[in-house]
Amino acid sequence: MNISTPGASAGPRRPANHPPVLSGRIGVLIVNLGTPEGTDYWSMRRYLKEFLSDRRVIEAPRAVWLPILELILLRRPSARGRDYASIWNTERNEGPLKTITRAQSEKLAAALADLGPRVDVDWAMRYGRPPIADRLKALQANGCERILVIPLYPQYCAASTATVADKAFDALKAMRWQPSIRIAPPWHDDPAYIAALARSTRAGLDRLDFDPEIVLASYHGIPQAYFDRGDPYYCHCAKTTRLLRERLGWDERRLRMTFQSRFGRAEWLKPYTADTVRELARAGVRRLAVVTPGFAADCLETLEEIGVENAGYFREAGGERFAAIPCLNDSAEGMAVVEAVARRELKGWAG
């Protein structure tokens, strides 16, 4: 069997009876968290069940967690469905995270076009559709013998980055001919990322008709116990915040780090975003803006939780002006970061 490899010269022709096979290509798969397929009860239930059944996300013993999960799946889908409906892309009938991730994939493919036609770019979701396994199989079927997987999480966390790797390796278990896989490392302190965040933050603030007294850098939270067991997530978030603060020339009072999306009764990473916006308003802060550096694309947690829910908390406590600064998304700044990560990790394979 003669199998072509990247950079290799053409060898002898395959025998006439050789099964058809594509080879010699390189794949890039960007992966984000996911979104339900609809805002109805059953779509939300399926999505929540897949997400909350992940042992990386919920580390509690199954005997303890499963009864709780059943109660959540009975009560929570309708409420979450209403939240998703408030941000839903009705034109495409999909969540904004899916719309943005697709656009990121298309723009990344265009940016990497100089590497030649043998580089394929695709996208997937960890939870929901399109699933990681399906897109890896599609890339492999198209001749990709080497695949770079880029979890779209700047800061490493076992409940996000690691679970993408888990799912990718699960897919490989079912393959007879496995492609070589690389998992891109986090880029929480990459100069290209910090520069993009600073430009995006300045541009977002320049578009406002008020000058925020304080800006919060809000990250998705994790249980404190996960950090205590060795997860580096808090440290990555803290370094991103420090580097962004330095790049903007601000002090610690001007840009503060908080954590959102607390779930359950356990202690999570602090300070909590919701508590902080209330405390600032009660202390006399009247103008506040929030950036979300841990999200590569706007989603429920940024558009609804920050832009609506936390804005409400701030105003209820006495605040007056509130702004949620958009994520990097598929903007020029955002795509420069994803491209930089892809090119760095493709070295030795392409380019």
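See the structure printed just above.
Residues numbered from 1 in each chain as written. Predicted model: local features only at pLDDT ≥ 70, side-chain atom pairs only at ≥ 80, totals over all residues. Heavy atoms only, no water.

Draft legend 1. Broad picture of helix 9 (residues 273-282). For helix 9, the full list of buried residues reads Thr273, Thr276, Val277, Leu280 and Ala281. All buried residues of helix 9 fall inside an arc of 130° around its axis, so they share one side. Those residues of helix 9 that are buried are in contact with strand 5 (214-220), strand 6 (255-260), strand 7 (287-291), helix 10 (300-316) and strand 8 (321-324). Just downstream of helix 9, Gly284 is the residue with a positive phi angle, here 105°. (Buried < 20%, exposed > 50% of the residue type's maximum accessible area, 1.4 Å probe, protein only. Helix = DSSP H or I, 4+ residues; strand = E, 2+ residues; numbered from the N terminus. Arc of directions from axis to C-beta. Contact = heavy atoms within 4.5 Å.)

Draft legend 2. Spatial organisation of the layout of surface pockets. Within this model, the largest pocket holds a volume of roughly 1000 Å³. Around the largest pocket, the lining comprises 47 residues; the ones closest to its centre are Phe51, His220, Gly221, Ser261 and Glu301. Of all the secondary structure elements, the ones that give two or more residues to the lining of the largest pocket are strand 1 (25-35), helix 1 (41-52), helix 2 (62-85), helix 5 (158-173), strand 6, helix 9 and helix 10. Among the elements that take part in the lining of the largest pocket, helix 10 stands out by supplying 7 residues, more than any other. (1 Å grid on protein atoms, 1.4 Å probe; cavity = no way out; pocket = protein on both sides within 12 Å on 5 of 7 lines; lining within 4 Å. Points joined across faces, edges and corners; volume = space filled by probe spheres on them.)

Draft legend 3. Representation of the pairing of strand 3 (residues 144-151) in the model. The buried fraction of strand 3 amounts to 7 of the 8 residues, a majority that puts the element mostly inside the structure. In the sheet, strand 1 pairs with strand 3 via 7 bridges, with the strands oriented parallel. By the bridge assignment, Gly27 is partnered in strand 3 with Ile147. Two elements, strand 3 and strand 4 (residues 180-183), share 4 bridges in a ladder whose sense is parallel. Paired with Ile147 across the bridge in strand 4 is Ile181. Remark: the strand 3/helix 5/strand 4 crossover connection has right-handed handedness. (Pairing = 2+ DSSP bridges. Right-handed = clockwise from strand over helix to strand, strands pointing away.)

Draft legend 4. Highlighting the sheet that holds strand 3. Spatial ordering of the open sheet is given by 2-1-3-4, a layout of 4 strands whose pairing is parallel. Across the chains shown, the open sheet's two edge strands, defined by having one partner strand only, are strand 2 (119-128) and strand 4. If you compare each strand with its neighbour and ignore which way they point, the axes differ by 25° on average. (Axes fitted to C-alpha atoms, helices over the stretch in contact; angles between N-to-C directions.)

Draft legend 5. Just the packing of aromatic side chains, in detail. Scanning all chains against the criterion turns up 9 aromatic pairs. Taking 5.0 Å as the distance between ring centres and 75° as the angle between the ring planes, the aromatic pair formed by Phe51 and Tyr127 counts as edge-to-face. Here the residue Phe51 occupies a position in helix 1, and Tyr127 occupies one in strand 2, the gap between them amounting to 76 residues. Aromatic rings pair up to connect Tyr219, Phe227, Tyr234 and Phe259 into one cluster. We note Arg182 situated over the ring of Trp349; from NZ or CZ to the ring centre the distance is 4.1 Å. Across the ring face of Trp250, the terminal group of Arg254 is positioned such that the distance to the ring centre comes to 4.5 Å. (Phe/Tyr/Trp six-rings, centres within 6.5 Å; stacked < 30°, edge-to-face > 60°. Lys NZ or Arg CZ within 6 Å of the ring centre and 35° of its normal.)

Draft legend 6. Structural detail: the nonpolar core. Among the nonpolar cores identified, the biggest contains 59 residues, and Val28, Leu108, Leu112, Ile150, Tyr233 and Leu346 are the most heavily contacted of them. Val28 has contacts with Leu108, Leu112, Val119, Asp120, Val121, Asp122, Leu148, Ile150 and Leu346, leaving out every residue within four places of it along the chain. Core analysis: the second largest hydrophobic core is formed by 16 residues, Leu139, Ile147, Tyr153 and Ala168 among them. (Core = buried A, V, L, I, M, F, W, Y, C linked by side-chain atoms within 4.5 Å.)

Draft legend 7. Representation of the pattern of salt bridges in the model. This model, assessed by the stated rule, comprises 23 salt bridges. Residue Asp166 pairs with Arg56 through a salt bridge whose shortest N-O separation is 2.7 Å. Of this pair, Asp166 sits in helix 5 while Arg56 sits in the loop between helix 1 and helix 2, placing them 110 residues apart in sequence. Classification of Arg56 by relative accessible area gives partly exposed; the value is 31%. A salt bridge links Arg287 to Glu213, with the nearest nitrogen and oxygen atoms 3.7 Å apart. Here Arg287 is found in strand 7, whereas its partner Glu213 is found in the loop between helix 6 (191-206) and strand 5, with 74 residues between them in sequence. Classification of Arg287 as partly exposed rests on a relative accessible area of 31%. Put simply, Asp114, Glu339 and Arg343 are held in one network by salt bridges that share partners. (Salt bridge = Lys/Arg side-chain N within 4 Å of Asp/Glu carboxyl O.)

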